[in-house]
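Examining the three-dimensional arrangement
The primary structure of each chain is shown beneath.
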Amino acid sequence: MADDSSGEGAGEGLRARLAKSSEDALGKLAQDLLENPLVNGAITRAFEAREKAVQAQEVAMGALNLPSAADMERLTRRVRSVSQRLEAIEDGVDRLDERLAGLDRASGPEDRLEAIEEQLRAIAAVLATLSEQTADAVKPGGEPSASGTGAGPTPE
C-alpha cells in the first residue's frame, strides 16, 4: 500500500478532500439558491412560461391542422390496440381453419354409408353362397343328394 507521506498518497488524499469540500460547497450553494425567494420565484415563472408556450404551440398546431405530440401518442396507442385485436381475430380464424380442415379429413356420412353398403354386399354374398349350398344339398322333390346328409347346412 502507498504511504500517506509519499507524494502520490498525499496527492490522492488532497484530491479527495478537495472533492468533498467542493461537493459540500455546491450542495450548500444549491440549497441557498432554492431557499432564496427571488430565485425560487424565477424558477416557478420559468416553468409556468414553458407550460404556456407548450399550450400556445398546441393551439397553433391545431389552427394549422397539424397533429401535436399528444395527438400522435393517442393515435399510436389506438393503432397498437387495433393491431392487437386484429392479431387475435387472425388467430381465431387460423384455429377455425384448422378445425374445418380436420373435419374434411375425417370420414363424413357418405364414407360411413359406403362402408355399410360394402358390409351389406358381403352379407348378401354369404347368404347367396349358403342358399346355393342348400339348393345343391337337396334334390328337386325333397330327396337329399348323395353328397348331403339331408339335415341341411351345418352352421359354422
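Residues numbered from 1 in each chain as written. Predicted model: local features only at pLDDT ≥ 70, side-chain atom pairs only at ≥ 80, totals over all residues. Heavy atoms only, no water.

Section: the pattern of salt bridges
- Inspection of every chain in the model, using the stated rule, returns five salt bridges.
- With its nearest N and O atoms 3.8 Å apart, the salt bridge here joins Arg15 to Glu12. You can see Arg15 and its partner Glu12 sitting in helix α1 (residues 7–35), three residues apart, about one turn around the helix.
- The salt bridge partner of Arg77 is Glu73, with a shortest N-O separation of 3.7 Å. Here Arg77 pairs with Glu73, and both are found in helix α3 (residues 69–105), just four residues apart, close to one helical turn.
- With a relative accessible area of 40%, Glu73 lands in the partly exposed category. (Salt bridge = Lys/Arg side-chain N within 4 Å of Asp/Glu carboxyl O. Helix = DSSP H or I, 4+ residues; strand = E, 2+ residues; numbered from the N terminus. Buried < 20%, exposed > 50% of the residue type's maximum accessible area, 1.4 Å probe, protein only.)

Overview of a nonpolar patch on the surface
- A cluster of nonpolar side chains, Leu113, Ile116, Leu120, Ile123, Val126, Leu127 and Leu130, forms an exposed patch at the surface whose accessible area comes to about 660 Å².
- By the secondary structure assignment, Ile123 is in helix α4 (residues 109–137).
- With relative accessibility at 49%, the residue Ile123 sits in the partly exposed group. (Patch = residues over 30% accessible without salt bridge, like charges linked within 9 Å, V, L, I, M, F, W, Y side chains within 5 Å. Areas by Shrake-Rupley, 256 points an atom, 1.4 Å probe, with all protein chains shown as cover.)

A short note on unusual backbone geometry
- A positive phi is found at Asn65, a non-glycine position, where the angle reads about 60 degrees.
- Within the fold, Asn65 resides in the loop between α2 (37–63) and α3.
- A relative accessible area of 69% means that Asn65 is categorised as exposed.

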